[in-house]
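Below, each chain spelled out in residue letters.
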Amino acid sequence: MFMSMTIGNNMGISSGYNAGKTEGHKNVREYSNYLMGKYSCLKPGNNVAVSVTPGMLRKAMSDEKTGKWLERELAKAPDYIKSAQQSASARGSKLISVSIEFGEEYTTMCTLTVTDTLGTDEEIDKWLERVKENRKKQKAAGKKTKKNDAEEKLTEQKIEESTFKGSNLKSVTDSFIAKMSSVSSVMTAVSGFDMKA
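Residues numbered from 1 in each chain as written. Predicted model: local features only at pLDDT ≥ 70, side-chain atom pairs only at ≥ 80, totals over all residues. Heavy atoms only, no water.

1. Focus: the pattern of salt bridges
Under the criterion given, the structure shown has 8 salt bridges. In this structure, lysine 68 and glutamate 64 form a salt bridge, with 3.4 Å as the shortest nitrogen-oxygen distance. Placement of the pair is lysine 68 and glutamate 64 together in helix α3 (residues 64-90), with a separation of 4 residues, close to one helical turn. Looking at glutamate 64, the relative accessible area reads 34%, which means it is partly exposed. For the salt bridge of arginine 135 with aspartate 79, the shortest nitrogen-to-oxygen distance reads 3.7 Å. Placement of arginine 135 in helix α4 (residues 122-156) and of aspartate 79 in helix α3 is noted, with a sequence separation of 56 residues between them. Judged by relative accessible area, arginine 135 falls into the partly exposed class, the value being 34%. Classification of aspartate 79 by relative accessible area gives partly exposed; the value is 40%. (Salt bridge = Lys/Arg side-chain N within 4 Å of Asp/Glu carboxyl O. Helix = DSSP H or I, 4+ residues; strand = E, 2+ residues; numbered from the N terminus. Buried < 20%, exposed > 50% of the residue type's maximum accessible area, 1.4 Å probe, protein only.)

2. Describing the nonpolar core
One finds Cys41, Val50, Leu70, Leu74, Ile81 and Phe102 to be the most contacted residues of the largest nonpolar core, which totals 31 residues. Among the secondary structure elements, those contributing two or more residues to this core are α1 (28-38), β2 (48-52), α2 (54-62), α3, β3 (94-103), β4 (107-115) and α4. Ranked by the residues each element gives to this core, the list is headed by α3, at 7 residues. Sequence-distant contacts of phenylalanine 102, that is, excluding residues within four places in its chain, are made with Val50, Ser51, Val52, Thr53, Met56, Trp69, Leu70, Glu73, Leu74, Ala77, Thr107 and Thr108. (Core = buried A, V, L, I, M, F, W, Y, C linked by side-chain atoms within 4.5 Å. Contact = heavy atoms within 4.5 Å.)

3. Regarding the confidence of the model for the protein chain
Confidence in the prediction of the protein chain, expressed as mean pLDDT, is 77, and 64% of residues score 70 or more. Confidence, read as mean pLDDT per element, is least for strand β1 (residues 2-10) in the protein chain (47) and greatest for β2 (95). Contacts for the low-pLDDT stretch residues 4-22, under 50 throughout, to residues beyond four places or in other chains number 46 contacts. Predicted confidence for residues 186-191 stays below pLDDT 50, and this span has 2 contacts to residues more than four positions away or in other chains. (pLDDT = per-residue confidence, 0-100.)

4. Let's talk about the packing of α1 against α3
Direction vectors running N to C along α1 and α3 enclose 35°, while the axes themselves pass 11 Å from each other. In the crossing of α1 with α3, the sense of the turn from one axis to the other is right-handed. Together, Tyr31, Tyr34, Leu35 and Lys38 of α1 and Gly67, Leu70, Glu71 and Leu74 of α3 make up the contact between the two elements. Its residues assigned to classes, the contact of α1 with α3 comprises 5 nonpolar, 1 polar and 2 charged. (Axes fitted to C-alpha atoms, helices over the stretch in contact; angles between N-to-C directions. Left-handed = near helix turned anticlockwise from the far one by under 90°. Nonpolar A, V, L, I, M, F, W, Y, C, P; charged D, E, K, R; others polar.)

5. Looking at the pairing of β4
Here 9 bridges tie β3 to β4, and the two strands are oriented antiparallel to one another. From the neighbouring strand, serine 99 faces β4, where its bridge partner is threonine 111. The turn joining β3 and β4, which pair antiparallel and follow one another in sequence, is formed by 3 residues; a positive phi near 60° is taken by glutamate 105. (Pairing = 2+ DSSP bridges.)

6. Observations regarding the packing of α2 against α3
Contact geometry for α2 and α3: axes closest at 5 Å, N-to-C directions at 125°. Between α2 and α3, the angle is such that the two are oblique. As α2 runs across α3, the sense of the crossing is left-handed. Residues Met56, Lys59, Ala60 and Ser62 of α2 pack against Glu64, Thr66, Gly67, Trp69 and Leu70 of α3. (Parallel < 35°, antiparallel > 145°, perpendicular 65-115°, else oblique.)

See the structure below:
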């Protein structure tokens, strides 16, 4: 026995969510490509699809709050599907098809097809695993980018070596202080001072 249901939901905007700004995209296609790159759930699989209507894309591009809402919902979409799958399984059913569409006016249309057999759909499981792996890769890439940025900052620092000579320690120290006062506007910190007697 197959059962199909469509669930519509009109959701409000949460102002407490922080997402990247949608500004800077020249057109709907560019914005759509940005979202597809960031949210792998937008790449459909067999028996599962998450989509955004063109009207919602246009609205999200031009309105920051709408963009934040859309990105929050796209980030949660795989979790919604996993929950639906677990819920069907707990009731002795099997989720065999699901689609979620985010539309204008903050509407979410979800269509589910459930059968009275036990288990989970292999195709939905593969899709969820692919999304999970992509999330891990994106996190790792983000960490790697931060590490590379930190390394670049270190290599950008200017290393200056100076030799100070004098008849005694006071004259060497005075020479050092004079040099540092002229360089202090350029250098932000001194990492070491090596003095040989």
